[in-house]
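Read off the chains here:
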Amino acid sequence: MQFEAAWRFDSPGEIPRAVVNEFNSLVGIIASQGPSRKRILEHFKSYFSNSYGATAYSSSDVGWAESDLYNSMVSAGQNAPLFIDAFYEACEALRSSPEIALPDAARLNRILAEHNAGYEIHPPRIVATGIHKPIPVPERYESLDEKAQQIISESFRQSEQLLAEGRPRQAVGEILWLMESVMTAFRGLNAGEATVEERYFNKIANELRRHQKGTMLEQVLTWLGALHGYLSSPTGGGVRHGVDLKSGITIGPADGRLYCNLIRSYVTFLMSEHERLSRQSGDQR
């Protein structure tokens with residue numbers, strides 16, 4: 001795989017031991033499918049040993065092959081990118097065997113994300129993700145009922161999982177859907193001059209802007225409208241109406257993280273405004 005050349009000679013950090021253990025379990029599942037369990041164990045051992053410049057010697061039996069493989073994985077884990085590369089390339093070398101099912105990049109990325117490994121696989125590259133953290137969001141929004149809380153929490157979780165699986169366009173689509181859904185929570189609230197009556201994202205946003213002139217909410221909704229329009233456009237993100245195959249823009253991992261973090265921050269602001277308007281509506285009753 002392709003990654004920063006300097007990582008081959010100076011380790012940027014270890015892989016979490018939990019990742020070593022889970023990848024080792026995957027090797028066990030893969031080995032159970034082949035005609036020779038020992039042969040597959042030796043296959044993976046050779047890739048991990050080679051990653052740190054060691055020679056892989058054949059083990060005397062299956063038990064020793066399992067033990068020796070794990071030791072090689074632990075040693076390879078001193079350099080996280082080389083460890084990931086060794087496992088991925090060992091799997092790719094087996095793909096010509098139709099009788100063996102192998103984990104794909106999405107499955108490996110879920111393990112890496114669950115244990116905060118700091119890397120993702122985007123074939124043919126390994127990319128560092130340590131600097132791309134999701135911005136924090138509140139655990140609860142007091143002005144919403146339990147069902148709405150669950151919808152928001154699950155959508156945030158799903159978008160992060162899609163990013164971890166190397167599917168940034170789908171991640172942006174999920175959180176864009178959340179933003180549209182959150183906007184419907186304003187329906188029925190008093191927005192200053194009148195009650196919000198519209199039912200859809202753009203119409204609710206326009207109605208709120210009219211009734212919240214000169215406020216930060218008006219400005220944020222203007223930014224949101226521009227972002228929503230760009231991400232929906234075939235020549236923008238292509239999330240809503242398909243991408244223009246000639247001039248459309250592909251959403252990459254860094255772009256996906258940027259859009260997801262922007263929308264996370266906007267959703268957090270919108271919900272604080274929802275709580276404020278909810279209190280005002282209650283005071284006026």
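Just so it is clear, the structure is predicted and the values come from calculations on it, not from any experiment.

1. Focus: unusual backbone geometry
Residue Pro123 is joined to Pro124 through a cis peptide bond whose omega torsion reads 10°. Of note, Asn116 is a non-glycine position whose phi angle comes to about 50°, a positive value. Tracing the sequence through the fold places Asn116 in the loop between α5 (105-114) and β1 (119-122). Looking at Asn116, the relative accessible area reads 62%, which means it is exposed.

2. Concerning the packing of aromatic side chains
Where two aromatic rings form a pair, the distance of their centres and the angle of their planes describe that pair. Under the defined criterion, the tally for this structure stands at seven aromatic pairs. Between the aromatic rings of Trp7 and Tyr119, the centroid separation amounts to 5.5 Å while the plane-to-plane angle is 85°, which identifies the pairing as edge-to-face. With Trp7 in the segment before α1 (17-31) and Tyr119 in strand β1, this pair connects stretches of sequence that are 112 residues apart. For the pair Trp7 and Tyr119, a shared accessibility class is recorded, and that class is buried. A centroid spacing of 6.5 Å and a plane angle of 55° characterise the contact between Tyr230 and Tyr259, whose relative ring orientation is tilted. Within this pair, whereas Tyr230 is found in helix α9 (residues 216-232), its partner Tyr259 is found in helix α10 (residues 253-284), the two being separated by 29 residues in sequence. A residue is classified by how much of its surface remains accessible, and Tyr230, at 34% relative accessible area, is partly exposed. Each member of the aromatic cluster is reached from another via a ring pair, and the members are Phe23, Phe44, Phe48, Phe83 and Phe87. Seen from the ring of Phe156, Arg264 lies directly overhead, with NZ or CZ sitting 4.9 Å from the centre.

3. Topic: the pattern of salt bridges
All chains considered together, the criterion is met by ten salt bridges. Ionic pairing is found between Arg257 and Glu160, a salt bridge with its closest N-O pair at 2.7 Å. In this pair, Arg257 sits in helix α10 while Glu160 sits in helix α6 (residues 146-164), placing the two residues 97 residues apart along the sequence. Assessed through its relative accessible area of 10%, Arg257 is described here as buried. Two residues, Lys213 and Glu218, come together in a salt bridge whose shortest N-O distance is 3.8 Å. Here the residues in one salt-bridge network are Lys38, Glu42 and Lys45, joined through shared partners.

4. Here we look at the packing of helix α7 (residues 168-183) against helix α8 (residues 201-211)
To describe two helices that pack against each other, one gives the angle between their axes and the distance between the axes. α8 packs onto α7 with a crossing angle of 50° between their chain directions and a minimal axis gap of 9 Å. As the angle between them shows, α7 and α8 are arranged oblique. The hand of the α7/α8 crossing is left-handed. Contact residues: α7 offers Met179, Glu180 and Met183, while α8 offers Phe201, Ile204, Ala205 and Leu208. In terms of residue class, the contact of α7 with α8 is built from six nonpolar, no polar and one charged.

So, how was this worked out
Residues numbered from 1 in each chain as written. Predicted model: local features only at pLDDT ≥ 70, side-chain atom pairs only at ≥ 80, totals over all residues. Heavy atoms only, no water. Helix = DSSP H or I, 4+ residues; strand = E, 2+ residues; numbered from the N terminus. Buried < 20%, exposed > 50% of the residue type's maximum accessible area, 1.4 Å probe, protein only. Phe/Tyr/Trp six-rings, centres within 6.5 Å; stacked < 30°, edge-to-face > 60°. Lys NZ or Arg CZ within 6 Å of the ring centre and 35° of its normal. Salt bridge = Lys/Arg side-chain N within 4 Å of Asp/Glu carboxyl O. Axes fitted to C-alpha atoms, helices over the stretch in contact; angles between N-to-C directions. Parallel < 35°, antiparallel > 145°, perpendicular 65-115°, else oblique. Left-handed = near helix turned anticlockwise from the far one by under 90°. Contact = heavy atoms within 4.5 Å. Nonpolar A, V, L, I, M, F, W, Y, C, P; charged D, E, K, R; others polar.

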